[in-house]
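Chain residues, written in single-letter form:
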Amino acid sequence: MTDFYDSGLAPFASDPLHSHGRIILEQPAPTRNDFQRDRDRIVHSSAFRRLVYKTQVFLNHEGDLFRTRLTHSLEVAQLARSMARGLALHEDLVEAIALAHDLGHTPFGHAGQDALNQCMLEHGGFEHNLQSLRVVDFLEERYALFDGLNLTFETREGILKHCGLAQARELQAREPGGVGARFIDRTQPSLEAQLCNLADEIAYNAHDIDDGVRSGLLSIEQLRESVPWFEHYCRKTLALYPSIQGRRWLFETIRLMLSEQVYDVMETTRAALAPLELHSASDVRACPHALVTFSVPMQEASSALKQFLSANLYRHPRVLHTTEQAKEIIKDLFLAYLHTPSEMPESFRGRHDRERSVADYIAGMTDRFAAKEHQRLSGWSALQQGADLPLDHQPGLGLGRARGDKELLSGLQPNHPLSPSNPTSNPRANPPPHPSGEPPFGEPT
Ligand code: MG
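Being a predicted model, the structure only gives us computed values, none of them experimental.

Here the focus is the overall build of the protein. Check the secondary structure of the protein and you find 20 helices and zero strands. Here the protein holds 445 residues, and 43% of them are scored as buried.

What follows is about the confidence of the model for the protein. Predicted confidence across the protein gives a mean pLDDT of 85, with 83% of residues reaching 70 or more. Throughout residues 1-6 the model reports pLDDT below 50, and contacts reaching past four residues in sequence, or to other chains, amount to eight contacts. Under a pLDDT of 50 for its full length, residues 385-445 has, in the predicted model, 108 contacts with residues more than four places off or in other chains.

Running from N to C, helix H13 (residues 228-240) and helix H14 (residues 246-273) cross one another at 115°; their axes reach a closest spacing of 9 Å. Taken together, H13 and H14 sit at an angle that is classed as roughly perpendicular. Once H13 is placed against H14, the crossing between them reads as right-handed. Along its contact with H13, which presents Phe 230, Tyr 233, Cys 234, Lys 236 and Thr 237, the element H14 presents Trp 249, Glu 252, Thr 253, Leu 256 and Met 257.

Considering the arrangement of structural elements, one finds Ala 13 in the loop between helix H1 (4-7) and helix H2 (34-43). The class of Ala 13 is buried, set by 23 C-beta atoms lying within 10 Å. Sequence separation of Ala 13 and His 279 is 266 residues, and the distance between their C-alpha atoms is 8.9 Å. Non-local contacts of Ala 13, meaning those with residues more than four positions away in its chain, are made with Ala 88, Leu 89, His 90, Leu 191 and Ala 281.

The next subject is the packing of helix H4 (residues 69-87) against helix H11 (residues 191-215). Direction vectors running N to C along H4 and H11 enclose 125°, while the axes themselves pass 8 Å from each other. In this view, H4 runs oblique relative to H11, as classed from their interaxial angle. For the element pair H4 and H11, the recorded crossing hand is right-handed. Residues His 72, Glu 75, Val 76, Leu 79, Ala 80, Met 83 and Ala 84 of H4 form the contact with H11, whose own contacting residues are Glu 192, Leu 195, Cys 196, Ala 199, Asp 200, Ile 202, Ala 203, Tyr 204 and His 207.

On to H11. Given a rise of 1.5 Å per residue, 25 residues ought to cover 36 Å, and the 36 Å separating the end C-alpha atoms of H11 matches this to within 8%. The buried fraction of H11 is high, at 20 of 25 residues. Of the residues trailing H11, Gly 216 is marked for its positive phi of about 85°.

Another aspect to go through is the environment of Ile 330. On the secondary structure map, Ile 330 appears in helix H17 (residues 317-339). Taking the C-beta count within 10 Å as the criterion, Ile 330 has 28 such neighbours and is therefore assigned buried. C-alpha separation for the pair Ile 330 and Ala 115, spaced 215 residues apart in sequence, amounts to 6.3 Å. In contact with Ile 330, not counting residues within four places along its chain, are Thr 106, Phe 108, Gly 112, Ala 115, Leu 116 and Ile 362.

Let's shift gears to helix H5 (residues 91-100). Most of H5 is tucked away, with 10 of its 10 residues classed as buried. Turning to H5, its buried residues number three or more, namely Glu 91, Asp 92, Leu 93, Val 94, Glu 95, Ala 96, Ile 97, Ala 98, Leu 99 and Ala 100.

This part is about the nonpolar core. Of all hydrophobic cores here, the largest spans 64 residues; its most connected members are Ala 80, Val 94, Ile 97, Ala 98, Leu 195, Cys 196 and Ala 199. Broken down by element, this core gets its largest block of residues, nine residues, from H11. With residues near it in sequence (within four places) discarded, Ala 199 still touches Val 76, Leu 79, Ala 80, Met 83 and Ala 98.

Another aspect to go through is the environment of His 128. As for its placement among the helices and strands, His 128 is situated in helix H7 (residues 128-139). A tally of 22 C-beta atoms within 10 Å means that His 128 is categorised as buried. Each C-alpha atom, one on His 128 and one on Ala 363, is 8.5 Å from the other, the two residues being 235 residues apart in sequence.

With that out of the way, let us pick up unusual backbone geometry. Trans is the common state for peptide bonds, and a negative phi is the common state for residues other than glycine. For Phe 108, which is not a glycine, the phi torsion comes out positive at approximately 65°. Residue position: Phe 108 is located in the loop between H5 and helix H6 (109-119). When the 28 C-beta atoms within 10 Å are taken as the criterion, Phe 108 is described as buried. In this structure, Arg 186 is a non-glycine residue whose phi angle is positive, near 60°. Looking at where Arg 186 falls in the secondary structure, it is placed in the loop between helix H10 (181-185) and H11.

Rules used throughout
Residues numbered from 1 in each chain as written. Predicted model: local features only at pLDDT ≥ 70, side-chain atom pairs only at ≥ 80, totals over all residues. Helix = DSSP H or I, 4+ residues; strand = E, 2+ residues; numbered from the N terminus. Buried ≥ 20, exposed ≤ 12 C-beta atoms within 10 Å, placed from the backbone. pLDDT = per-residue confidence, 0-100. Contact = placed C-beta atoms within 7 Å. Axes fitted to C-alpha atoms, helices over the stretch in contact; angles between N-to-C directions. Parallel < 35°, antiparallel > 145°, perpendicular 65-115°, else oblique. Left-handed = near helix turned anticlockwise from the far one by under 90°. Expected span 1.5 Å × (residues − 1). Core = buried A, V, L, I, M, F, W, Y, C linked by C-beta atoms within 7 Å.

Below is the structure:
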């Protein structure tokens, strides 16, 4: 099948007509190329819908305007598509990769991942990139003929941005020459995959400034003093619009930063590609280093901003306080389901690898479903409501604290029926029925 996008592609772009294919062979769709079909499967997946209630940096209930995993993914897709079109790469593929890249994120952002990884240390660990691949390869249950979404190699390759050697070898054993191979051979992924990696970085650097200032945890003055790159664009914006102030000044500054990064990536990448005689995506994969990059000065500026955000936003005492509470919720849930698998839906019970099943179930939860499950199983409320309140009015930045450390040891209150210390453990063989007969919101299906 030919489509009009393909006619304008660079020779080194990924081409659905020369895809490395799907694990389960399928007939081509009559009206869509294989990358469009991947994107559509991702958009229709349960995991994609759950991104709307998953934390990016700020917990979902802390304000309606903060980024969630869903809006972050949409912003990554927008940036990646803009750059792909300018570089004559395949827009449908970058869109599919961008929309799927965070499907494996746990509730409560990186705090959730760290906690789940801690729980899984003796059982292969937990890493959100690998989990995104598990979601699209195994965990989605929508199709009659296969588990997962049966996506093309190219989309799966882009989803797996990072991978440790041990995990790569496991993937390689299951799928020789598959998406794990490049981490062993130290080769490159497609240009579309490389592009999405940078689009992710550009997106979160920009929107975390916006959300950081919106939350009151960062100030524009602090950014101007500490990040010369930001100050440069602040001044540039002021030169363009001398009377600008407040939020519009911030937004225009961020807009300028985004544009300059996009132009920088496109110029630097074009310059890197020009002297190379690349005739196919396979030639790209054989290159010893990445070809889609920032210029050196832009890479340095981006790294400096990342360091600033890490020190002043991600590690802000109030964010860390929330983070610690979120970790406790994840650890409690892990212990509870491990001890009483009947509290999980049928499809997650009785599997050979119980720890991995529990991790899969928890990783699929939204923030609010995890909090509700925690309340159901432990009897205490972890999340306080307060959408759109100024953060100064939200004690503890959203997460309540209502029990002592000793109670945490068992993961549950000692007198709770599920607590391992309670001899009459588990009178409830099954979770409460869902009123609609459907799984509740956020529950992995
Ligand atoms: Mg991301």
